[in-house]
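# Coordinate inspection notes
As a plain string of letters, each chain reads:
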Amino acid sequence: MKSKKFLYLFMVVTVLIVGLIGYFGYRTLSQESTLNEYQTQQLAKTRVAQTQDFILQQLRQKQIRLNTILTYLKLDPLSLNTLIAQDSDIEALFVLEHNKLVFPNAYKPLNQKESLFIQLIAPIIQDPTILIAKQHQSDDKRPDSGWYVMQEQQQPVLIYWHNINDRTIGFKLSYVKLLSDIVSSIDFNYEPDSLVISDNGQVLYQSLTGAYDKAKQPTYNQALPFPLHAWKIDYYASSSSNYSLYYFTLGLLAIVILAVGVIALSLYREFNRATRLASQQVSFVSQVSHELKTPLTNITLYAEMLKEMEQEEDSQNIHYLEVIISESRRLSRLIQNVLTFTKLPQINLQPLDISQLLSQIQTIFTPVFEVKGIHLSMSVEEHLSTHSDIDRITQVISNLLSNAEKYAAEGKKVQLSASQDDENIYIRVRDYGKGLSDKELKHIFQPFYRVKSEITEGVTGTGIGLTIARQLAQSLSGTLTAENCNSGLAFTLCIPRT
């Protein structure tokens with residue numbers, strides 16, 4: 001039954017540890033995921049900006065080229081028609097002089113392309129100021145050149161215009177040539193990510209990988225500034241890096257959780273082994289003690305009878321009989337300790353005179369102490385009484401005095417004292433031996449713990465005397481504590497006054 005309780009306790013502790021590891025793993029994964037998303041977003045912004053700069057740079061190059069052409073352009077019809085025919089960037093051009101169209105000359109026969117072009121730029125011919133309206137204007141200077149965007153059969157038309165004296169010259173840029181130059185010049189490789197460039201929803205360029213999913217929103221998108229404001233760049237980041245992070249973190253968590261499980265199982269098995277070993281040890285000692293108790297009682301009884309007979313004859317053997325009786329009683333106490341450790345008797349509360357009880361105990365231990373040259377002194381306050389279990393208090397004090405006799409004999413002095421305050425009675429056993437280190441002092445109440453030092457060499461003991469003493473004190477709602485003094489140890493039994 002107890003084993004099942006420990007099993008459940010180990011399972012609960014293991015589940016808690018695994019839960020904590022899982023929780024912190026989840027938090028770490030969430031933070032890493034957030035950081036990864038931020039880095040992905042920043043990378044997408046950087047690459048979209050890079051693509052936008054490239055497209056605008058292409059447009060600026062064409063603008064520079066058109067400005068260069070204007071520097072040597074002759075405005076006679078032959079030169080203009082030759083330029084249109086030979087320059088692939090220029091699809092058509094117009095010349096307004098004093099806000100009147102002078103090229104193409106609408107008063108001469110026109111081909112179909114020229115007629116359609118004049119229809120296209122009719123709004124400009126009627127009101128040339130609309131060219132400036134779309135440009136950025138400063139307070140002190142009107143622009144003398146710029147871009148104008150029109151629509152022709154749902155296709156964008158880019159017009160680059162320039163004012164020279166009283167003339168306005170406008171070039172219709174070949175949109176196809178512009179797209180061709182941009183697409184052929186793009187050499188970005190953003191794999192495994194995808195990039196899509198569109199104009200009013202119509203795809204102009206796309207570099208697709210497995211990261212592209214038309215049904216999903218792009219990781220980042222941005223519209224280009226005027227005059228390509230209808231253009232948009234969509235960037236789709238690959239999620240493979242996220243999956244790698246998830247798989248790595250989950251794998252690491254699985255390994256950690258498995259390791260914790262293995263460690264918990266090993267600890268549980270080791271704990272069970274130690275528990276079984278302790279149980280077997282206690283059971284063995286208990287059985288041996290029961291077997292020894294009866295013959296030891298007979299030995300003590302017959303030794304006392306023999307002592308009485310020898311006293312009547314005033315024999316010299318009385319001293320040896322006293323040693324036999326003393327050792328037998330000491331062995332009886334040792335056996336009683338073992339039996340008490342395995343099974344505590346019922347509490348028998350009764351009125352108790354502390355002074356009388358301690359005097360009886362002093363009388364019992366004085367001969368043994370005198371054999372080793374130890375002086376056992378007693379100091380008890382007057383009217384010190386309570387309601388408690390005499391046998392348990394006797395056993396606690398006997399265990400403490402027995403320890404002092406065995407381990408602190410070199411101090412040659414042991415003090416047994418008792419005092420009280422408003423709530424408790426304090427019984428103190430103070431020896432003047434070598435004492436213990438603070439590290440050993442923490443463990444002396446543990447079952448079967450034996451201090452390994454020169455003071456325990458050659459001294460027999462079970463290591464359960466102090467454990468039993470503390471258990472007895474606790475069963476009386478009291479405490480038993482130990483402390484190092486200037487020389488030796490002091491044990492204090494604290495029990496309630498009522």
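Starting from 1, residues in each chain are numbered consecutively following that chain's sequence as written. In keeping with the model being predicted, local features are shown solely for residues with a pLDDT of at least 70 and side-chain atom pairs are shown and tallied solely at 80 or more, while totals for entire chains, interfaces and linings include all residues. Here the side-chain values reflect all heavy atoms present in the structure, with hydrogen atoms and water set aside.

Formally: UniProt positions are given in the numbering used here, feature names are shortened, and annotations may be inferred rather than shown by experiment.
The name given to the protein in an unreviewed UniProt entry is histidine kinase, with Limnobaculum parvum as the source organism. Recorded in UniProt under Catalytic activity (unreviewed entry), the annotation for the protein is "ATP + protein L-histidine = ADP + protein N-phospho-L-histidine."

## Here we look at a nonpolar patch on the surface
Just so we agree on the cut-off: Surface patches are drawn from residues lacking salt bridges whose relative accessible area is over 30%; two like charges belong together within 9 Å, two nonpolar side chains (Val, Leu, Ile, Met, Phe, Trp, Tyr) within 5 Å. Working definition of accessibility: Shrake-Rupley area with a 1.4 Å probe, residue cover restricted to the visible protein chains. Basic side-chain nitrogens of Lys or Arg form a salt bridge, by our definition, when they fall within 4 Å of a carboxyl oxygen of Asp or Glu. Put simply, DSSP marks the helices as runs of H or I at least four residues long and the strands as runs of E at least two long, and each gets a number from the N terminus on.
Residues Leu7, Tyr8 and Met11 make up a contiguous nonpolar surface patch of about 300 Å² in total accessible area. By the secondary structure assignment, tyrosine 8 is in helix 1 (residues 2-72).

## Let's talk about helix 12 (residues 465-475)
Applicable threshold: Partly exposed residues are those whose accessible area sits between 20% and 50% of the maximum for their type, while under 20% is buried and over 50% is exposed, using a 1.4 Å probe and protein chains only.
Every buried residue of helix 12 is accounted for by Gly465, Leu466, Thr467, Ile468, Ala469, Leu472 and Ala473. Count one or two residues on from helix 12 and you reach serine 477, which has phi positive near 60 degrees.

## Description of the sheet that holds strand 4 (residues 155-164)
Hydrogen bonds between backbone atoms are what pair the strands of a sheet, whose relative direction is either parallel or antiparallel. The following threshold applies: Whether two strands pair comes down to DSSP finding at least two bridges between them. Only the contacting stretch of a helix is used when fitting its axis, a line to C-alpha atoms as for every element, and angles between N-to-C directions run 0 to 180 degrees. We call two residues contacting when some pair of their heavy atoms lies within 4.5 Å.
Taken in spatial order, the 5 strands make up an open sheet running 2-1-5-4-3, and their pairing is antiparallel. Across the chains shown, the open sheet's two edge strands, defined by having one partner strand only, are strand 2 (100-103) and strand 3 (145-152). Neighbour to neighbour, the strand axes of the sheet diverge by 30 degrees on average, direction disregarded. Sitting on the sheet, helix 2 (residues 77-86) is in contact with strand 1 (90-97), strand 2 and strand 5 (167-173), with an inclination near 155 degrees to strand 1. Each of strand 1, strand 4 and strand 5 touches helix 6 (residues 175-185); the most contacted strand, strand 4, lies at about 100 degrees to it.

## Quick word on the pairing of strand 7 (residues 202-207)
Along a regular strand, successive side chains alternate from one face of the sheet to the other. In the sheet, strand 6 (residues 194-199) pairs with strand 7 via 5 bridges, with the strands oriented antiparallel. Looking across to strand 7, one finds that valine 196 is bridged to glutamine 206. Here strand 6 folds back onto strand 7 in antiparallel fashion, the turn holding 2 residues, of which asparagine 200 has a positive phi close to 50 degrees.

## Thoughts on the packing of helix 10 (residues 390-407) against helix 12
When two helices pack together, their arrangement is given by the angle between their axes and by how far apart the axes lie. Definition in use: Any angle from 65 to 115 degrees is called roughly perpendicular, while one under 35 is roughly parallel, one over 145 is roughly antiparallel, and all others are oblique. Crossing handedness follows the turn of the near helix against the far one: under a right angle anticlockwise gives a left-handed crossing, and clockwise gives a right-handed one. Gly is placed with the polar residues, together with every amino acid not listed as nonpolar (Ala, Val, Leu, Ile, Met, Phe, Trp, Tyr, Cys and Pro) or charged (Asp, Glu, Lys and Arg).
Contact geometry for helix 10 and helix 12: axes closest at 9 Å, N-to-C directions at 150 degrees. With respect to each other, helix 10 and helix 12 are oriented roughly antiparallel. Both helix 10 and helix 12 take part in a crossing whose hand is left-handed. Here helix 10 contributes Arg392, Gln395, Val396, Asn399, Leu400 and Asn403 to the contact with helix 12, which in turn contributes Gly465, Leu466, Ile468, Ala469, Leu472, Ala473 and Ser475. The residue inventory of the contact of helix 10 with helix 12, partitioned by class, reads 7 nonpolar, 5 polar and 1 charged.

## A few points about unusual backbone geometry
In this model, glutamate 191 is joined to proline 192 through a cis peptide bond whose omega is 5 degrees. When you line up the elements, proline 192 lands in the loop between helix 6 and strand 6. In this structure, proline 227 follows phenylalanine 226 across a cis peptide bond, with omega equal to 15 degrees. Mapping proline 227 onto the fold places it in the loop between strand 8 (220-223) and strand 9 (231-236). Even without a glycine there, the phi angle at histidine 98 is positive, about 55 degrees. Of note, the phi angle at asparagine 165 is positive, near 55 degrees, even though the residue is not glycine. For asparagine 165, a relative accessible area of 72% gives the class exposed.

## Side note on the packing of aromatic side chains
The condition that has to hold: Aromatic rings from Phe, Tyr and Trp, taking only the six-membered ring of Trp, are treated as a pair when their centres fall within 6.5 Å; an angle between ring planes under 30 degrees marks them as stacked, one over 60 as edge-to-face, and anything in between as tilted.
Evaluation of the coordinates by the stated rule reveals 9 aromatic pairs. Their ring planes at 90 degrees and their centres at 6.1 Å tell us that phenylalanine 365 and phenylalanine 369 sit as a pair that is edge-to-face. Of this pair, phenylalanine 365 and phenylalanine 369 both sit in helix 9 (residues 354-371), 4 residues apart, roughly one helical turn. With relative accessibility at 2%, the residue phenylalanine 365 sits in the buried group.

## Description of the state of the cysteines
Heads up, the rule is: Disulfides are defined as pairs of cysteine sulfur atoms found within 2.5 Å of each other.
Here the structure, examined in full by the defined rule, presents 0 disulfides. Among the cysteines around cysteine 485, which has no disulfide bond, cysteine 494 carries the closest sulfur, lying 17 Å off.

## Focus on the sheet that holds strand 16 (residues 489-496)
Ordered in space as 11-13-14-16-15, the 5 strands form an open sheet in which the pairing is mixed. Lying at the two open borders of the sheet, with one neighbouring strand each, are strand 11 (375-380) and strand 15 (479-484). On average, each strand axis in the sheet is tilted by 15 degrees relative to the strand beside it, whichever way the strands run. When strand 11 meets strand 13 (residues 413-420), the two strands line up parallel, connected through 6 bridges. Residue pairing for strand 13: methionine 378 is matched across the bridge by leucine 416. In the packing of helix 9 onto the sheet, the strands contacted are strand 11, strand 13 and strand 14 (424-431), and the crossing angle to strand 11 comes to about 175 degrees.

## Focus: the environment of isoleucine 233
Within the secondary structure, isoleucine 233 sits in strand 9. For isoleucine 233, a relative accessible area of 0% puts it in the buried group. Once the C-alpha coordinates of isoleucine 233 and threonine 467 are considered, the two residues, 234 residues apart in sequence, prove to be 80 Å apart.

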